[in-house]
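Each chain is listed here by its residues.
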Amino acid sequence: MLDDDELKVIDDWRFEHRMPTRAAAIRELIRRGLVSEDVEAPDVEGKTTTDFRIEAE
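Here's what I pulled together on the structure shown here. Remember, predicted model here, so these are calculated numbers, not experimental data.

Quick notes on the rules
Residue numbers restart at each chain and count upward from 1, following the sequence in its written direction. Totals for whole chains, interfaces and linings use every residue, but because this is a predicted model, local features are given only for residues with pLDDT of at least 70 and side-chain atom pairs only at 80 or more, for both listing and counting. Each side-chain value is worked out from all heavy atoms of the structure, with water and hydrogens disregarded. Counting from the N terminus, the helices are the DSSP runs of H or I reaching at least four residues and the strands are the DSSP runs of E reaching at least two. In a helix, the anticipated span is given by 1.5 Å times the number of residues less one. Residue burial is assigned from relative accessible area. The probe radius is 1.4 Å, only protein chains are included, and a residue is buried under 20% of its type maximum, exposed over 50%, and partly exposed in between. What the arc measures is the spread of directions leading from the helix axis to the C-beta atoms. Residue contacts are counted whenever heavy atoms from the two residues lie within 4.5 Å of one another. Polar contacts, as counted here, are pairs of nitrogen or oxygen atoms within 3.5 Å of one another; within protein the pair requires one atom able to donate a hydrogen and one able to accept it, and residues that are adjacent in sequence qualify only if both atoms are side-chain atoms.

1. A short note on helix α2 (residues 22–35)
Then, number 1: Spanning 14 residues, α2 covers 20 Å between terminal C-alpha atoms, matching the ideal 20 Å at 1.5 Å per step.
Then, number 2: Of all the residues in α2, the buried ones are Ala24, Ala25 and Glu28. Looking straight down α2, one finds that the buried residues subtend no more than 100° of arc, so they occupy a single side. Among the exposed residues of α2, those oriented more than 90 degrees off its buried face are Arg27 and Leu34.
Then, number 3: Where α2 is buried, its residues meet α1 (4–16).

Take a look at the structure:
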């Protein structure tokens, strides 16, 4: 589940990159995250799902 603010961030990225659908944009973002080797592992100790929100930069 994503809230309205998170969907806006994804939709803004989608339109900026001319992706055909929101689903395609989400799949592409997931793919990029999975193949990226320079991303640090998340700190999950003591965190809940709301600690992993998507926020605009």
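On we go from here.
2. Describing α1
Then, number 1: Between its terminal C-alpha atoms α1 stretches 18 Å, which fits the 18 Å expected from 13 residues at 1.5 Å a residue.
Then, number 2: If you check which residues of α1 are buried, you get Glu6, Leu7, Ile10, Asp11, Trp13 and Arg14. Here the buried residues of α1 occupy an arc of 160° about the axis, which is enough to place them on one side. Along α1, the residues that are exposed and aim more than 90 degrees away from the buried face are Asp4, Asp5, Phe15 and Glu16.
Then, number 3: Next to the buried residues of α1 lie α2.
Then, number 4: N-cap assignment for α1: the residue whose side-chain oxygen lies 3.1 Å from the backbone N of Asp5 is Asp3.
Then, number 5: Two residues or fewer after α1 comes Arg18, characterised by a positive phi angle close to 55°.

Note that every value here comes from positions in space, so none of it alone points to a role or purpose.
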